Amino acid sequence: MRGSDLRKTFLAFFEKRGHAVMPSASLLPRDKTLLFNIAGMVPFKPYFLGEVAPPHPRATTSQKCIRTNDIEKVGTTARHLTFFEMLGNFSFGDYFKREAIGWAWEFLTGALSLPKDRLYASIYREDEESFRLWKEIAGLKEDRIIRLGKEGNFWEVGPTGPCGPCSELLYDQGPEFSCGKPDCAPGCDCDRYLEVWNLVFMEYNQADGKLHPLPKKNIDTGMGLERLAAILQNKKSNFDTDLLYPLIEAAEALSTGGVTGRARRVALNVIADHTRAVSFLLADGARPSNEDRGYVVRRLIRRAAAAMHKLGVSGPALYKLAPRVVEMFVDPYGELRKESKQIESELRAEEERFAKTLDVGLERLTRAVADLRKDGRKILPGGTAFELFDTYGFPLDLTQEVLLEQGCSVDLAGFTREMDAQKTRARAAWEADHGGAEAIFVSIPEATVFDGYEKLSVDARVVKIVKAGAFVESAAEGESVEIVFDRTPFYAERGGQVGDSGIARSSEAEVVVESCMPVGVVSVHRSKISKGRIQTGRPIRLEVDPARRAAILRNHTGTHLLHAVLRGLLGESVHQAGSLVSPDLLRFDFTAKSGLGDRAAEVELQVNDLILKNLPVRVDEMTMEKARGTGAMMLFDEKYGDRVRVVTVGSGESVELCGGTHCAATGEIGLFKIVSETAIAAGTRRIVAVTGRAAVEHVQAMAGRIRDAESALKVPIADVPAFVEKIQKEKKDLEKKLKEAKRGGGPSPDDFLAGKETRGDLNFIVADAGDLDMETLRGLAERLRDKISGPVFLAARSGGVAQLVMAVPKNFTDKIHAGKIIAEAAAAVGGKGGGRPDFAQAGGKDAANLDRALSTVRKLIAG
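Thresholds, definitions, all that
- Residues numbered from 1 in each chain as written.
- Predicted model: local features only at pLDDT ≥ 70, side-chain atom pairs only at ≥ 80, totals over all residues.
- Heavy atoms only, no water.
- Helix = DSSP H or I, 4+ residues; strand = E, 2+ residues; numbered from the N terminus.
- Buried < 20%, exposed > 50% of the residue type's maximum accessible area, 1.4 Å probe, protein only.
- Core = buried A, V, L, I, M, F, W, Y, C linked by side-chain atoms within 4.5 Å.
- Contact = heavy atoms within 4.5 Å.
- Pairing = 2+ DSSP bridges.
- Axes fitted to C-alpha atoms, helices over the stretch in contact; angles between N-to-C directions.
- Phe/Tyr/Trp six-rings, centres within 6.5 Å; stacked < 30°, edge-to-face > 60°.
- Expected span 1.5 Å × (residues − 1).
- Polar contact = N/O pair within 3.5 Å; in protein donor to acceptor, adjacent residues only side chain to side chain.
- Salt bridge = Lys/Arg side-chain N within 4 Å of Asp/Glu carboxyl O.
- Parallel < 35°, antiparallel > 145°, perpendicular 65-115°, else oblique.
- Left-handed = near helix turned anticlockwise from the far one by under 90°.

**Student:** Give me unusual backbone geometry: which residues, what numbers.
**Tutor:** Cis geometry is adopted by the peptide bond preceding P332, which originates at D331 and carries an omega value of 20°. With respect to the helices, strands and loops of the structure, P332 is situated in the loop between α10 (322-329) and α11 (335-338). Backbone geometry places N234, a non-glycine residue, at a positive phi of 55°. The topology assignment puts N234 in the loop between α6 (225-232) and α7 (245-254). In this model, S789 sits at a positive phi of 55°, which is unusual for a non-glycine residue. Topologically, S789 is positioned in the loop between α23 (774-788) and β31 (792-798). Given a relative accessible area of 46%, S789 falls into the partly exposed group.

**Student:** So, the nonpolar core: which residues are in play, and what are the values?
**Tutor:** Generally speaking, soluble globular proteins have nonpolar side chains that are buried together. Of all hydrophobic cores here, the largest spans 133 residues; its most connected members are F107, L108, W134, W197, M223, L228 and L347. The element best represented in this core is helix α8 (residues 261-283), accounting for 12 residues. Residues within four places of L347 in sequence aside, it is in contact with V278, L282, I301, L318, Y319 and A322. Ranked by size, the runner-up nonpolar core spans 27 residues in total, among them L562, I611, V647 and C658.

**Student:** Help me get a handle on the sheet that holds strand β30 (residues 762-768), residues and values and all.
**Tutor:** Pairing within the open sheet is mixed, and its 6 strands lie in the order β29-β30-β31-β32-β34-β33. Strand pairing shows two members of the sheet lacking a second neighbour, β29 (757-759) and β33 (831-835), which therefore form its edges. Strand-to-strand, the axes of this sheet are offset by a mean angle of 15°, without reference to chain direction. Of the pairings in the sheet, the one linking β33 to strand β34 (residues 839-844) comprises 5 bridges and is antiparallel in character. Within β34, the residue paired with G833 across the bridge is A842. In the packing of α23 onto the sheet, the strands contacted are β30, β31, β32 (801-807) and β34, and the crossing angle to β32 comes to about 30°.

**Student:** Mind laying out the pairing of strand β25 (residues 643-649), listing which residues take part and the relevant values?
**Tutor:** Across the 7 residues that make up β25, a large majority, 6, are buried. Bridging between strand β24 (residues 617-623) and β25 involves 7 bridges; their strand directions are antiparallel. If you follow E621 over to β25, its bridge partner there is R645. Note: β25 against strand β26 (residues 654-657), 4 bridges, orientation antiparallel. Within β26, the position partnered with V649 by the bridge is S654. In textbook terms, the turn of a hairpin is the stretch between consecutive antiparallel strands, and for β25 and β26 this stretch comprises 4 residues, one of which, G650, has a positive phi near 60°.

**Student:** Explain the sheet that holds β26 to me, and be specific about the residues and the numbers.
**Tutor:** Note on sheets: strands pair through backbone hydrogen bonds, and any given pair is parallel or antiparallel. Strand order in the open sheet made by the 3 strands is β24-β25-β26, with antiparallel pairing throughout. Of all strands in the sheet, those with a lone pairing partner are β24 and β26, marking the two edges. Ignoring which end each strand starts from, the neighbouring axes of this sheet average 20° apart. Strands β24, β25 and β26 of the sheet are contacted by helix α17 (residues 546-570), whose axis makes an angle of about 115° with β26.

**Student:** Tell me about the packing of aromatic side chains, and please be specific about residues and values.
**Tutor:** For the coordinates displayed, the defined rule picks out 26 aromatic pairs. For the ring pair F14 and W197, a centre distance of 6.3 Å and an interplane angle of 85° mean the geometry is edge-to-face. Remark: W197 occurs in strand β8 (residues 193-207) and F14 occurs in helix α1 (residues 3-15); sequence separation between them is 183 residues. Overall, the relative accessible area of 1% leaves W197 in the buried class.

**Student:** Which residues make up helix α9 (residues 292-310), and what values do they have?
**Tutor:** The first and last C-alpha atoms of α9 sit 28 Å apart over 19 residues, in line with the 27 Å expected at 1.5 Å per residue. Along α9, 14 of the 19 residues are buried, which leaves the element largely enclosed by surrounding structure. Positive phi shows up at G312, right after α9, with a value of about 85°.

**Student:** Can you lay out the side chain of E350 for me, pointing to particular residues and giving the numbers?
**Tutor:** Relative to the helices and strands, E350 is located in helix α12 (residues 340-374). Here E350 falls in the buried class, since its relative accessible area comes to 0%. A polar contact of 2.9 Å, which involves the side chain of E350, links it to the side chain of R302. When residues no more than four places from it in sequence are discounted, the contact partners of E350 are P288, R298, I301 and R302.

**Student:** Lay out α17 with the relevant residues and their values.
**Tutor:** Compared with the 36 Å implied by 1.5 Å per residue over 25 residues, the 36 Å span of α17 between its first and last C-alpha is a close match. The backbone nitrogen of A547 has a side-chain oxygen 3.2 Å away, supplied by the residue at the start of α17, namely D545. Among the residues trailing α17, G571 stands out with phi positive, at a value near 105°.

**Student:** Just give me the short version of the pattern of salt bridges, but keep the residues and values in it.
**Tutor:** In this structure the tally under the stated criterion is 48 salt bridges. The partner of D331 in a salt bridge is K8, and the shortest N-O contact between them spans 3.8 Å. Residue D331 is located in the loop between α10 and α11, and its partner K8 is located in helix α1; the two are separated by 323 residues in the primary sequence. For R302, the salt bridge is made with E350, and the minimal N-O distance between the two is 2.9 Å. Of the two residues, R302 sits in helix α9 while E350 sits in helix α12, which places them 48 residues apart along the sequence. Given a relative accessible area of 12%, R302 falls into the buried group. It is possible to trace a salt-bridge network through shared partners that takes in R298, R302, E350 and R353.

**Student:** Run through the packing of α1 against helix α3 (residues 97-111), naming residues and quoting values.
**Tutor:** It is the contact of α1 with α3, at a shortest axis distance of 12 Å, that shows an interaxial angle of 130°. It follows that α1 is oblique to α3 by the angle criterion. Of the two possible hands of crossing, α1 and α3 adopt the one that is right-handed. Residue-level inspection shows T9, F10, F13 and F14 of α1 in contact with α3, the latter providing W103, E106, F107 and A111.

That's the geometry; what it means functionally is another story.
Encoded structure:
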């Protein structure tokens, strides 16, 4: 079963059992305590905590995940990956252990037909209910149910959040996978008893170092797609599955030599894993940098580039693999195609930057080796090796290779100490900026009073000031701080709506409020002191930027109108899957099987009709129970308390639960204009739109571009589409003629027919074609194959390197495999290659050995 089929089979299995199939969330989580989405449950954390009402009581996903805690092991083992897909089924207070255990067993032994006698279950040592259920449902004997401690069978995602005991399904891969230890048994860390599926019985929330019972018991399960694919495809390694091996093949095709044996396979594994991981990260908006997530992206790219260097590849090459990643995973991850050009561009740019730092690093290492020799030493200090790694991006294994050539080595223990210290510093900095900063605000007991629904300015009092993660009594001009006031008109970012910005003034100070965000029960104002000094306990006047707030109102109410129109046109299966409401634009993600196409114009018209009617926008506060009775839509990103706000447009044209700010009437929006509509994932679309002045400016810009096109083409605007179509056709015709002319200018097939050879009834040609480019060589081989109805192998020299092509009629491929023969021929010229049974091509750096390649192929064909 292919990986893509396995993914679909899993989701379909749980969809039939009442689970809503949800698209994968971004790799970049909203949870600020995490760098990346590391598990399938992360996007559902608000549901498990009871902070947000889930749209469905059951869900199933294939979630994109990134884990880099064991990055040094990636490529060296069969299992370790940075990027992987986690298959999961989830219950938000609906079902619990019995159903989770039963369906897991049914899926593995029924839907996938895994042999029951090779499956074991591990449980938390105190979980008697799971022990009983595995015996009752699966019929497992007691010796096949393994009790383990908290380290192995109690699941948690970081220092805070939902957690609980778990039960894992283990698959016995056989004694050939064993570590060989006498006590090797289920629970051993070797590859024999492979952990396949983890069922987490989520009962607690971990906070302040304590376990607090959750409002409802939940189910969170996770199963690695790659690991399961390896079992079903009978592969010994995740890298040999169809989810990774095509990338290894593509990397091999770029190689012209380099390391051999295990070192070569490790390098190929690293390239395949890291290129896939980075492609997904870039598609989700991450960018290489020296901080936080960007540092991880940069490190992944540079590790993969260093691995490419080991394969004898010079210059940027990873970007050439990106299209293969897109091709392999575009279904269901449409964001890869949408961002494909950006992925290639970022990869190439970072590889070019790395090439420069490699040169600098190599120079620094050369000086270090000279210093060692001068002092009569042969061991490079760990601190120096770490400086090369951290400052110049010089990988440790590359440092070791250079040193080995010079008869030296590196102090690995010292390097490890420096690396561990750096990780500790980085994690502390991250927690100070994100998790640590939030923790200090949670300690403030009194909630901030929000006056921003009715007022844009209020008199307030400074409650707390935080600088660099610690409380301070005051802050002076030029300092950046976070401030909590007793009340505020500033909307705190949530529900997709960005936070307000503005000014805070007193007789003692002036403060620029850059943004506002909620933490616990308070609103945190990220600010910079522009004049004077601000002190706790002192009065101050808070003023929201009115123009910015007005633009946000227009976009938020416009989002509600858009949502209502989409449901009216496409049906009630449309649900919001994410949103952004900013002063510049609105972005609306929604579930839909296909794009709007021509219906986008109708969506625009209907939204603008609602605007022209100047319908009143009414906001009512009520209990959640009463709100449910109104039929108001409950959205994915909003957190609902006991009392909620229901926003109603007109007489019910739109009714939604929403805590955001809105226009008083739809006419205030002015104009609504869709800028783009694209796919961001399977079954999920994204609309970007503008309103008000921004919409007018967008229309004016489009009109200007139309006038420019009219002027450049020198035809009336009404004739531009037909004129462009005509130009495109002429261009295509000219390109075709040019291509034919180039082919015609090359050697004729007749020049090679005289060299035709025979073996019994088989006609074949093995020839040196001289100096030809690959495209001409391919065309010539195909025409010769058709003329003689037999296999053709041609070799050429182009730009100082060898070019090899083989074409075989399909009726001969059972005896003569082009891909296998080309691989042996490529080896003769110092290259790598492969391809289909009927057609293959390769290259090599040693064109002087073309005669050897020709002789090799002739022997293979003629026997």
